[in-house]
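Observations on the model geometry
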Amino acid sequence: MTNALGPLKLYAGLAVVFFGLLPATMVTLLVVQGKTPSSVGFLLIGGIPLVLAALVSAIRGMTGGENEESARRLYLSLMLVAGADLLLLGGNALLRM
């Protein structure tokens, strides 16, 4: 029997890094350098905690012992990353229009 949780752990970890940490860092650098409207900084107030919660949830899902609970935590981390992307990148795009 194959372990279906293995690829999910890998892809959830990659998603948190590439779609969570990197966009949050890039938007933060844009705000610090002053290359965006000042109201984009307010998006970081909601986006950074979502990314951190996704990171914690992914770590707990990767290190968890029970398969169903680990899968639930990994799916939660993916949902949190999607919400953070929507808030940070979508809000940045809307405020720049």
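Right, let's walk through the structure included here.

Scoring rules and cut-offs
Residues numbered from 1 in each chain as written. Predicted model: local features only at pLDDT ≥ 70, side-chain atom pairs only at ≥ 80, totals over all residues. Heavy atoms only, no water. Salt bridge = Lys/Arg side-chain N within 4 Å of Asp/Glu carboxyl O. Helix = DSSP H or I, 4+ residues; strand = E, 2+ residues; numbered from the N terminus. Buried < 20%, exposed > 50% of the residue type's maximum accessible area, 1.4 Å probe, protein only. Contact = heavy atoms within 4.5 Å.

A separate point is the pattern of salt bridges. For the coordinates displayed, the defined rule picks out one salt bridge. For the salt bridge of R73 with E69, the shortest nitrogen-to-oxygen distance reads 2.7 Å. Taken together, the residues R73 and E69, both in helix α3 (residues 67–96) and four residues apart, mark about one turn of the helix. Overall, R73 belongs to the partly exposed group, its relative accessible area being 22%.

Positionally, S70 belongs in helix α3. Since its relative accessible area comes to 2%, S70 is described here as buried. Every residue in contact with S70, bar those within four places of it in the chain, is listed here: L5, G61, G64 and G65.

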